[in-house]
Amino acid sequence: REIEAELRRALERDELELYCQPSVALAGGRIAGFEALTRWNHPVRGPIPPSLFIPIAEECGLIHALGQWSLEEACRHAATWPGSPRIAVNLSPVQFAGQDLVAMVRQILTRTGLPASRLELEITEQMLLDNSEHTRRVLRDLKALGLRIAMDDFGTGYSSLNYLRAFPFDKIKIDRSFVAGLGEGPGSGTRDGAQTGAHNAAIVRAVIEIARSLGMHTTAEGVETPEQNRALAALGCDEAQGYFHSRPVPVAAVPGLIAQWK
Ligand code: G
Ligand code: G
Ligand code: MN
Ligand code: NA
């Protein structure tokens, strides 16, 4: 396919760009880390969203090269950041099928000099769908390098609780669909909105409680309003990520963002 050939060329010509979005500690308001997000700005078609090109890369196997590129780029930059924030990088389930994911991560840490303790890898629930011994062994070997593993988009999969039992994640990222409407009182917004908000608050409270019992940290995604941020802090969520704090910024803008952070 044409788009596949173009993605291959984009990788070769270094046309992909890394963006980073801060994750903010709800106690204290400091930047705890950043999530790396790959962007493709096509010279003719304009911006192509990851929701389009990641599945294509997964189908044609380019995800291995793309994943290596984004991990190395993220670690290389993060190694230079003041204040030593963490960097979180998304992993595709397809990358687990390759033999040498652990070796690749180890080599990139060595090459870039980033301490493993500052790296977090995000995997989605579908990742563990097979719940195979292979997947769990790779996750264990990755953790043994000294990095952290986060479960992304928590709550949207078919078997979320099953996954928590299958592997000791360091962090749960609560999907943004559960953050919607948080902090909307009965008097504010629409009646439906307030109802969704009340239900979501009950779910988020329970997820945070489960995470705490299992010794896992929590990050809420898609935080867009001060009300949501306040409600999450009150519920004891550890970190918040979303437009309320900052949109994703080009990786070169991160040191400036850190310097001007209140
Ligand atoms: O900003 P946003 O639209 O960038 O990201 C959409 C989705 O694309 C997210 O679910 C994110 O996990 C995924 N994504 C972004 N960058 C990467 C990447 O480098 N590798 C993988 N596997 N997924 C990514
Ligand atoms: O890896 P993940 O699926 O969580 O990717 C994060 C996605 O969420 C990226 O596409 C990012 O641009 C997007 N995003 C980040 N903050 C917000 C937000 O506050 N609201 C919404 N709707 N999307 C966000
Ligand atoms: Mn993510
Ligand atoms: Na997510």
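Our subject is the structure that appears above.
Source: prediction; values computed, not measured.

Engineer: So what exactly am I meant to see when it comes to the environment of S246 here?
Structural biologist: Within the fold, S246 resides in the loop between β9 (239–241) and β10 (249–250). For S246, a count of 18 C-beta atoms within 10 Å puts it in the partly exposed group. Considered as a pair, S246 and R30 are 216 residues apart in the sequence and their alpha carbons are 12 Å apart. In contact with S246, other than residues within four places in its own chain, are Q21, P22 and L257.

Engineer: Sorry, what's going on with the site of ligand 1 here?
Structural biologist: In the region of ligand 1, the neighbouring residues are L37, T38, P49, P50, S51, I54, G67, S70, N90, L91, S92 and P248. Contributing elements (two or more residues each) for the shell around ligand 1: β2 (31–42), α2 (50–60) and α3 (63–78). For the shell around ligand 1, the leading source of residues is α2, giving three residues. For the shell around ligand 1, the per-class residue count stands at six nonpolar, six polar and no charged.

Engineer: Even after reading the chapter, I still don't get the pairing of strand β8 (residues 217–220), so can you show me in this structure?
Structural biologist: Consecutive side chains along a regular strand alternate between the two faces of the sheet. In this structure, strand β7 (residues 171–174) lies alongside β8, joined through four bridges in parallel fashion. When the bridges of β8 are listed, I172 appears paired with T218. Examined bridge by bridge, β8 and β9 share two bridges and lie parallel to one another. Bridge pairing in β9 links T219 to E239. Between β8 and its parallel partner β9, the chain crosses via helix α9 (residues 226–235), and the hand of that crossover is right-handed.

What counts as what
All chains use their own residue numbering, which begins from 1 and follows the written sequence. Chains and ligands are labelled by the order in which they are written, letters from A for the one and numbers from 1 for the other. Two thresholds apply to this predicted model, a pLDDT of at least 70 for residue-level local features and 80 or more for giving and counting side-chain atom pairs, whereas whole-chain, interface and lining totals are computed over all residues. Here a helix means four or more residues in a row that DSSP labels H or I, a strand means two or more in a row labelled E, and each is numbered from the N terminus. Using C-beta atoms placed from the backbone, we call a residue buried if 20 or more other C-beta atoms fall within 10 Å of its own, exposed if 12 or fewer do, and partly exposed for counts in between. In this description, a residue-residue contact is defined by the distance between C-beta atoms placed from the backbone, which must lie within 7 Å. To decide nearness, the C-beta atom of each residue is placed from the backbone, and the residue is near a molecule or strand if that atom lies within 6 Å of it. We call Asp, Glu, Lys and Arg charged. Ala, Val, Leu, Ile, Met, Phe, Trp, Tyr, Cys and Pro are nonpolar, and the rest, Gly among them, are polar. Following DSSP output, two strands are said to pair if at least two bridges run between them. Orient the strands so they point away from the viewer; a crossover is then right-handed if the path from the first strand over the helix to the second runs clockwise.

The values reported here are purely geometric and, on their own, carry no functional implication.
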